[in-house]
Structures are given as C-alpha cells and as structure tokens.
Amino acid sequence: MIAITPATVLRRRSDVRYRRIEGEAVVLRQSAAEVLVLNEVGAAVLDLADGERSVGEWIDVLAGEYEGDSAMLARDVLAFAAELAEAGLLEPAGGGREP
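## Comments concerning the pattern of salt bridges
- With the rule as written, the count across this model stands at six salt bridges.
- Arginine 13 serves as the salt-bridge partner of aspartate 15, at 3.3 Å between the closest nitrogen and oxygen.
- Here arginine 20 ties to aspartate 47 by a salt bridge, and the two come within 2.5 Å at their closest N and O atoms. Here aspartate 47 lies in helix α1 (residues 40-48) and arginine 20 lies in strand β2 (residues 16-21), a separation of 27 residues in the sequence.
- Taken together, the shared-partner salt bridges in this structure form one network comprising Arg13, Asp15, Arg29 and Glu34.

Written out as structure tokens, the structure is:
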C-alpha cells in the first residue's frame, strides 16, 4: 500500500474513465470492468488527480470550496486518496514529488 502524505503526487490510472452527472462522478475502471459512483467531493478529488498537483494542493483547493474543519478535511482527503490508490483508481505520478 502506498503511504499518502500531503507531498504525494497522484494521477488517475490510464484505464480510469469518468464522467460527471448531476454533481456525481460515474467512474469506469476498464481493466477490471468496474463501475463506481462518487459524490461531488469524490469527483473533485478525481479532477484534482492530474499528476501535477500534490495531495496537499488538493486539500488547499477543497478547503477553499467547502466549509468545515480544515484538519478534518486534510485527514479525510488523505484517507480517501489512499482508498482510491488501493482500489486501483489512482497511482503515483512518474517523476512526481514522492516522499
């Protein structure tokens, strides 16, 4: 399992396709023939997983868009990123700022 920190840079795997429908993301992982539905925040995380921005930068963007406890948001985003990586939707970006 990948250790996800605010410095970790992740990207969507090449076999992951998604489309936003009414605020949610319908995600297809082609290699596993899996379909998932993510809520609005989950969709925003997929949008941010561009292989350029760190998870810490995702947290900053999301903190600007959603109200709430910033420490809780950081914990939740780190945990969700780890879940998405474990599920095979995200992977470390090549040449990224991995710890």
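From this point, things continue past the structure.
## A few points about the environment of valine 37
- Structurally, the position occupied by valine 37 is in strand β4 (residues 34-38).
- Distance from valine 37 to valine 27, taken between C-alpha atoms, is 6.0 Å for residues ten residues apart in sequence.
- Every residue in contact with valine 37, bar those within four places of it in the chain, is listed here: Glu24 and Ala25.

## Considering the side chain of aspartate 15
- As for its position among the elements, aspartate 15 is in the loop between β1 (9-12) and β2.
- Residue aspartate 15 is classed as buried on the basis of its relative accessible area, which comes to 9%.
- Only 2.3 Å separates the side chain of aspartate 15 from the side chain of serine 31, close enough to count as a polar contact.
- In this structure aspartate 15 touches Leu28, Arg29, Gln30 and Ser31, once residues within four positions along its chain are discounted.

## Regarding the sheet that holds strand β6 (residues 90-92)
- Ordered by their spatial adjacency, three strands build an open sheet running β5-β1-β6, and the pairing between neighbours is antiparallel. Edge positions in the sheet fall to β5 (50-54) and β6, since each has one partner strand and no second. Averaged over all pairs of adjacent strands, the angle between strand axes in this sheet comes to 35°, irrespective of strand direction.
- Note: β1 against β5, two bridges, orientation antiparallel. Bridge pairing in β5 places valine 9 opposite serine 54.

## Examining unusual backbone geometry
- Positive phi, close to 50°, is recorded for glutamate 22, a residue that is not glycine.
- Relative to the helices and strands, glutamate 22 is located in the loop between β2 and β3 (24-29).
- Since its relative accessible area comes to 81%, glutamate 22 is described here as exposed.

The rules behind each value
- Residues numbered from 1 in each chain as written.
- Predicted model: local features only at pLDDT ≥ 70, side-chain atom pairs only at ≥ 80, totals over all residues.
- Heavy atoms only, no water.
- Salt bridge = Lys/Arg side-chain N within 4 Å of Asp/Glu carboxyl O.
- Helix = DSSP H or I, 4+ residues; strand = E, 2+ residues; numbered from the N terminus.
- Contact = heavy atoms within 4.5 Å.
- Buried < 20%, exposed > 50% of the residue type's maximum accessible area, 1.4 Å probe, protein only.
- Polar contact = N/O pair within 3.5 Å; in protein donor to acceptor, adjacent residues only side chain to side chain.
- Pairing = 2+ DSSP bridges.
- Axes fitted to C-alpha atoms, helices over the stretch in contact; angles between N-to-C directions.

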